[in-house]
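The chain contents come next:
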Amino acid sequence: MESLFLQQVLNGIIVGSVYCLVAIGLTMIFGVMRIANFAHGDFSMLGAYFAIYFVVLISGWVGWISALMVAAVGVGVIGFFVERFLFRPLLTRWTDIDIIMLSIGLFIFLENGAQLVFGTAPKMIVDPLDTKGINLIFFSTSMIRLLCFLFSVTTIFLLQMFLTKTKMGVAIRATSQNRNAALLMGINISFIYSITFVVGSALAGLGGVLYGTIFAVFPMMGAMPTLKAFAITILGGMGNIRGAIFGGFILGVAETLGGNYISMQYKNAIGFIIIILVLLIIPQGLFGGKQKK
Amino acid sequence: MNRKLFKLSLIILGILFILALPFIIQDRYFQHLLVLSGIFIILTSSWNLLAGYSGLLNLGHAAFYGIGGYSSALLALKLGLSPWIGLPLGGIISSIFGIFLGIPSFRLSGPYLAITTIGFSEILRLVSMNWVDLTRGSLGLYGIPPLTSLKLPKGILIKFVSEQNFYYVVIIFASLTLFIIRRLVYSEFGISLRSMREDEMGSESIGIDTSRYKLTVFMISAFFAGFAGALYAHYVRLISPEMLSLSETFTVLTMVMVGGLGTLYGPVVGAVVLTFLSEGLRFLEDIVKLNIRFVIYGALLMTTILFMRNGIVGLFQKKTQGTKG
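Here the structure is a predicted model, which is why all the values come from computation and not from measurement.

1. Focus on the overall build of chain A
Argument step 1. A count of helical and extended segments in chain A gives 11 helices and 2 strands.
Argument step 2. Helices and strands appear in chain A in the N-to-C order α-α-α-α-β-β-α-α-α-α-α-α-α.
Argument step 3. Here the C-alpha radius of gyration of chain A, 19 Å, is about what a compact globule of 293 residues would show, namely 19 Å.
Argument step 4. In terms of overall dimensions, chain A has a C-alpha envelope of 55 × 45 × 35 Å along the principal axes.
Argument step 5. Within chain A, the fraction of its 293 residues that count as buried is 51%.
Argument step 6. A separation of at least 24 residues holds for 76% of the contacts in chain A among residues at least 6 apart in sequence.

Here it is as structure tokens:
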């Protein structure tokens, strides 16, 4: 019984690490540009498809790693154009409703466009390690899941370094905290917007590949990561990256435990229940300093 | 004076045209689309009341629609209640659920409210799928009774099984909805809603109790959405949890945006245009053998927001009115 519990917690942490990647991208974009992007999970979907078509070209885990890179770059490029031509014109209008509706339009477009291009059947990203299982003392998992976990933790760590140690990272955080002050400090806001959106969508793309490796890849898969990422960002405080990291792990664990001990059918509802409770009780999120409305 | 007369005759002609439409085109499929448009008009108008006039972005509207449909259908199936009573009851039950979204909206706005409302509708969709004893799960409810026939004196019996007769029921309710919403929007209530949309804090400072208004508008909107759902249930007589899905909300949202957000007739235009466009595209799909319908929906929604913010109705209005929302 206890070992089952531990197993579930660790499974939750692995899944949670993938949620983190997607959620960090979402929360970065929201923090810097105030864009609540409902199409964020569809960037993950696109990333996963990039990987599916690339991973067969090079065999072994080298192929898997390079597929991740290809997905990140590919989705980043798409993100650049989406930001420049779709969201940028709306930023001057500055209405929440327009931005949300536009992202919903993008969501409908990408989800159904993907069905046209890739077909509706679910696909799997080829497992480079042939689903080799590993057993720790009280915990067994497949090698690929562990690899997913290590990869996302490394990415999160590198991202944190980028945001705290480099000049551009500091500029991004400054813009997120106070746009006008950042502008007065000589930060090129327009450039920061592009960078943030590109990095944010690339993270979604990476998350998508990992998500697709653990679960499956299909055109409609984007909605779930989006909603989960929103749950996580709300839990951690919107625009708060550290909050998104903790939130991701919390949701991952809560879902696997809830799915196991409460009800499998309502597993996906756990995120929503968290959202509603958090918003009603602590609207600024667990790690949010001041309340943003 | 002459102009007024001209306008009046145009309106009368329009009404006559709408009334005669099922006789002009006898095709049952066409009549079916007319009925669907009518139901969508009620649904889109109710959503517009929230998003367009009050600035409350509700992305869980399909939940209200579904609750209305399920309530009325279950009341008829399990308790044998007449659908004519079920229609308003569906609305009332849905409006009670409106309270659950109205209360969070006191403190939340923009993306926060949007995501809460999505959560609300997704939870209810999961309930409708998993509460198999009551809702038969994803199989849905079937065999829902149609609206009971009206007995007129002299032995005339009006049945509501045919599209043609149902069309008139829908037209009456859609007009009634539009009439009520029009009265609301131009009343002090509506003005307060719009002032709340433009500047919430400012409205509070001039004595508008925004919380009370938000709760009320959520309940009214939910009532109409539930009513539309109940109509749909007794018309199609087969409902499933799909009715509460996000894509249902997104369809409504696209209709309102394309028609014109925050305008009285925008939702009407959007509902009719997109219902027929959607069917037109279905024919096109048969030719090109691709599911292009929703891709076009998405593109249409994005184009509307980027290039014609006030929708089709906005194109015919004076430029001076500015953007809303």
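2. Remarks on the confidence of the model for chain A
Argument step 1. Per-chain confidence: chain A averages 83 in pLDDT, with 91% of residues scoring 70 or above.
Argument step 2. Ranking the helices and strands of chain A by mean pLDDT puts helix H8 (residues 189–214) of chain A first, with 89, and strand S1 (residues 133–135) of chain A last, with 66.

3. Remarks on the interface of chain B and chain A
Argument step 1. Each side of the interface is counted separately: chain B has 35 residues, and chain A has 33 residues.
Argument step 2. Broken down by secondary-structure element, the contributors of at least two residues to the side of chain B that touches chain A are helix H5 (110–130), helix H11 (246–259) and helix H13 (293–307) of chain B.
Argument step 3. Take the side of chain B that touches chain A: its biggest share by element is 12 residues, from H5(B).

4. Side note on the environment of A:Ala23
Residues and elements named next belong to chain A.
Argument step 1. As for its position among the elements, Ala 23 is in helix H1 (residues 2–33).
Argument step 2. Along the chain, Ala 23 and Gly 243 lie 220 residues apart, while their C-alpha atoms are 9.7 Å from each other.
Argument step 3. In this view, Ala 23 contacts Ala 229, Ile 232, Thr 233, Ala 244, Gly 247 and Gly 248; residues no more than four positions away in its chain are not counted.

5. Side note on the nonpolar core
Argument step 1. Residues A:Ala51, A:Ala231, B:Ile39 and B:Ala228 are the most contacted members of the largest nonpolar core, which totals 183 residues.
Argument step 2. Here the element with the most residues in this core is H1(A); it accounts for 16 residues.
Argument step 3. With residues up to four places along the chain from it excluded, the contact list for A:Ala231 reads A:Leu251, A:Gly271, A:Phe272, A:Ile274 and A:Ile275.

Conventions used here
Per chain, the residues get numbers from 1 upward, laid out in the order the sequence is written. Chain A is the first chain written and ligand 1 is the first ligand written, with later ones labelled in order. Selection of residues for local features in this predicted model requires a pLDDT of at least 70, selection of side-chain atom pairs for listing and counting requires 80 or more, and totals for whole chains, interfaces and linings are taken over all residues. Helix and strand labels come from DSSP, where a helix needs a run of H or I of at least four residues and a strand needs a run of E of at least two; each type is numbered from the N terminus. In this treatment the radius of gyration is a C-alpha quantity, and the globule benchmark scales as 2.2 Å times the residue count to the 0.38 power. Exposure classification rests on a simple neighbour count of other C-beta atoms within 10 Å of a residue's own: a residue reaching 20 or more is buried, one at 12 or fewer is exposed, and one in between is partly exposed. C-beta atoms are placed from the backbone. Two residues qualify as a contact pair if the distance between their C-beta atoms, derived from the backbone, is within 7 Å. pLDDT is a per-residue confidence score from the predictor, ranging from 0 to 100. By convention the nonpolar core is taken to be a set of buried residues drawn from Ala, Val, Leu, Ile, Met, Phe, Trp, Tyr and Cys and joined through C-beta atoms within 7 Å.

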